[in-house]
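# Geometric and topological summary
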Amino acid sequence: PCVPDDLTFDYIRNNYDVPCNEMAFALDYSTVEPLRILLDSQFSVAVVGKKEAARANVVRTLLVDVAENLFDRPAEVAIIDGMTRELAEWADQPFVTSYCSDGSELGVVLEDLDMRLAGRYDRVRDEGLEALADEPYLIVVVHAGDALAIASESKETVDLYNRMAKQYAAMRVLFVFS
């Protein structure tokens, strides 16, 4: 297998079958197969690398995928950006429901999301997973190092996130930490 010289979304779309409930965001260089995020079951993804690394580019790739697939895969995105505001160009997109560059807002975002997911959880308990068929994917992008530091100081925030990870993993929610 050979990695193409110009790797684009069109190339991935035209050469790989990526189901609607998955996001392909890169190619594995050893297998030349897409690296995928399983939106129906994966609760969180961490984008890691050196501080100078292009972690924001990986997040932008995911946001482009969301934008290009809104018709087939509706999504709502909350972005907690860093003080450098590397993702500010996404703030006005129609699928971005909230954008801030203050890491201390993570707790507020979690509380709002918890209320929405509790409603979904009740519907799924009563009706089964089919109740999620018309629900958008809820994606929280945390691109602010201080957000995690601030949140980790609050036992309530850490407990809320841990409970959400256990209880709501199948509720069409994804956290992207970069």
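In this report, the structure presented in the accompanying data block is examined. (Residues numbered from 1 in each chain as written. Predicted model: local features only at pLDDT ≥ 70, side-chain atom pairs only at ≥ 80, totals over all residues. Heavy atoms only, no water.)

## Details of the environment of Arg 36
By the element assignment, Arg 36 lies in strand β2 (residues 33–38). Along the chain, Arg 36 and Glu 22 lie 14 residues apart, while their C-alpha atoms are 6.2 Å from each other. Separated by 3.3 Å, the side chain of Arg 36 and the backbone oxygen of Asp 17 make a polar contact. Within polar-contact distance, the side chain of Arg 36 engages the side chain of Glu 22 at 2.8 Å. (Helix = DSSP H or I, 4+ residues; strand = E, 2+ residues; numbered from the N terminus. Polar contact = N/O pair within 3.5 Å; in protein donor to acceptor, adjacent residues only side chain to side chain.)

## Comments concerning the packing of helix α3 (residues 106–127) against helix α5 (residues 155–167)
Contact geometry for α3 and α5: axes closest at 10 Å, N-to-C directions at 30°. Judged on the interaxial angle alone, α5 and α3 are roughly parallel. α3 and α5 meet at a crossing whose hand is left-handed. Residues Gly 107, Leu 110, Glu 111, Leu 113, Asp 114, Leu 117 and Tyr 121 of α3 pack against Thr 157, Leu 160, Tyr 161, Arg 163, Met 164 and Gln 167 of α5. A per-class count over the contact of α3 with α5 returns 7 nonpolar, 3 polar and 3 charged. (Axes fitted to C-alpha atoms, helices over the stretch in contact; angles between N-to-C directions. Parallel < 35°, antiparallel > 145°, perpendicular 65-115°, else oblique. Left-handed = near helix turned anticlockwise from the far one by under 90°. Contact = heavy atoms within 4.5 Å. Nonpolar A, V, L, I, M, F, W, Y, C, P; charged D, E, K, R; others polar.)

## Details of the environment of Asp 40
On the secondary structure map, Asp 40 appears in the loop between β2 and β3 (44–46). For the pair Asp 40 and Pro 136, spaced 96 residues apart in sequence, the C-alpha separation works out to 11 Å. Aside from chain neighbours lying at most four places away, what touches Asp 40 is Asn 21, Tyr 137, Ala 169, Ala 170 and Arg 172. A polar contact of 2.8 Å, which involves the side chain of Asp 40, links it to the side chain of Tyr 137.

## Details of the nonpolar core
In this structure, Ile 80, Leu 113, Leu 117, Met 164 and Phe 175 are the most contacted members of the largest nonpolar core, which totals 26 residues. Elements represented by at least two residues in this core include exactly β4 (75–81), α3, β6 (137–143), α4 (145–152), α5 and β7 (173–177). In terms of residue count, α3 provides more of this core than any other element does, 6 residues in total. Apart from residues lying up to four places away in sequence, Leu 117 is in contact with Leu 138, Met 164, Tyr 168, Met 171 and Val 173. (Core = buried A, V, L, I, M, F, W, Y, C linked by side-chain atoms within 4.5 Å. Buried < 20%, exposed > 50% of the residue type's maximum accessible area, 1.4 Å probe, protein only.)

## Comments concerning the sheet that holds β3
Pairing within the open sheet is parallel, and its 5 strands lie in the order β3-β7-β6-β4-β5. The two strands at the open ends of the sheet, each matched to only one other strand, are β3 and β5 (96–100). Strand-to-strand, the axes of this sheet are offset by a mean angle of 10°, without reference to chain direction. Here β3 pairs with β7 via 3 bridges, running parallel. The residue bridging Val 45 from the neighbouring strand is Val 176, located in β7. Across the face of the sheet, helix α2 (residues 55–68) comes into contact with β4, β6 and β7 while running at roughly 160° to β6. (Pairing = 2+ DSSP bridges.)

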